[in-house]
Amino acid sequence: GAGVSQSPSNKVTEKGKDVELRCDPISGHTALYWYRQSLGQGLEFLIYFQGNSAPDKSGLPSDRFSAERTGGSVSTLTIQRTQQEDSAVYLCASSGGHVDNSPLHFGNGTRLTVT
Amino acid sequence: QKEVEQDPGPLSVPEGAIVSLNCTYSNSAFQYFMWYRQYSRKGPELLMYTYSSGNKEDGRFTAQVDKSSKYISLFIRDSQPSDSATYLCAITSYGKLTFGQGTILTVHP
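What counts, and at which threshold
Residues numbered from 1 in each chain as written. Chains lettered and ligands numbered in written order. Predicted model: local features only at pLDDT ≥ 70, side-chain atom pairs only at ≥ 80, totals over all residues. Heavy atoms only, no water. Buried < 20%, exposed > 50% of the residue type's maximum accessible area, 1.4 Å probe, protein only. Helix = DSSP H or I, 4+ residues; strand = E, 2+ residues; numbered from the N terminus. Pairing = 2+ DSSP bridges. Salt bridge = Lys/Arg side-chain N within 4 Å of Asp/Glu carboxyl O. Axes fitted to C-alpha atoms, helices over the stretch in contact; angles between N-to-C directions.

Draft legend 1. Local environment of the pairing of strand S11 (residues 103-108) of chain B. Residue and element names in this part refer to chain B. With burial as the criterion, only one face of S11 is covered, namely that bearing Thr103, Leu105 and Val107; the residues Ile104, Thr106 and His108 on the opposite face remain uncovered. Bridging between strand S2 (residues 11-14) and S11 involves 4 bridges; their strand directions are parallel. The partner of Pro14 across the bridge, within S11, is His108. In this structure, strand S9 (residues 85-93) lies alongside S11, joined through 3 bridges in antiparallel fashion. Directly across from Tyr87, in S11, lies its bridge partner Thr103.

Draft legend 2. The arrangement of the pattern of salt bridges in detail. All names here are of chain B. One pass over the structure, following the stated rule, counts 6 salt bridges over all chains. Put simply, Glu57 and Arg77 hold a salt bridge, and the shortest N to O gap is 3.8 Å. In this pair, Glu57 is assigned in strand S6 (residues 54-58) and Arg77 in the loop between strand S8 (71-76) and S9, connecting sequence segments 20 residues apart. Given the relative accessible area of 31%, Arg77 is considered partly exposed. Arg60 serves as the salt-bridge partner of Asp83, at 2.9 Å between the closest nitrogen and oxygen.

Draft legend 3. Here's a closer look at the sheet that holds strand S3 (residues 19-25) of chain B. Residues and elements named next belong to chain B. Within the open sheet, the 5 strands sit side by side as S1-S3-S8-S7-S6. Their pairing is antiparallel. Here the strands that pair on one side only, and so sit at the sheet edges, are strand S1 (4-6) and S6. This sheet shows a mean twist of 20 degrees between the axes of neighbouring strands, independent of strand direction. Bridge count for S3 against S8 is 6 bridges, and the pairing is antiparallel. Of the residues in S8, the one forming a bridge with Ser20 is Phe75.

Purely geometric stuff here, so don't read any function into it on its own.
Written out as structure tokens, the structure is:
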């Protein structure tokens, strides 16, 4: 596909369960970003990958959150022992260059609901 | 104080109106200024991008940056119902991209 693909599009899980969210960036894009968007809030930065390494993990809200990227392509965001406050839309974006002068291309997000 | 402040609205205007969306920022190091548009249940898409003070036009859209006042604006002329969306300002500095909270715009026929 031509765009950033995220799966699943919707996920409902019980409190305490682990979830994995997947992002397929645009082919050839070296930079990959995860953001979280809660109702009425802006985009909250979570983590940034350049290739397979994550130079900036400063936005991960707790040690229950982790992310990895393999082969410079697909990335997974894992949330362990989910809590109700984790309910949000998780957005992935990729970029072909530096964030300062290359636009981010976003997927349509995974809508996570923790019951 | 948040680094980027944006009036969340919501903003409701009649078709054909001129719309003004605004953000203020606190960090003078911010270098690049962007506006993203987000339709319901979709990811944001880049609308406008600029790095200097002044105006940049693209069709019905004008992005304005005033670095001395740390103020950026997006103007939409002849607004259309298809412009109904959430508009997010985004500002970068040395690799860090910071978004405003987003303004919800509804253009009614």
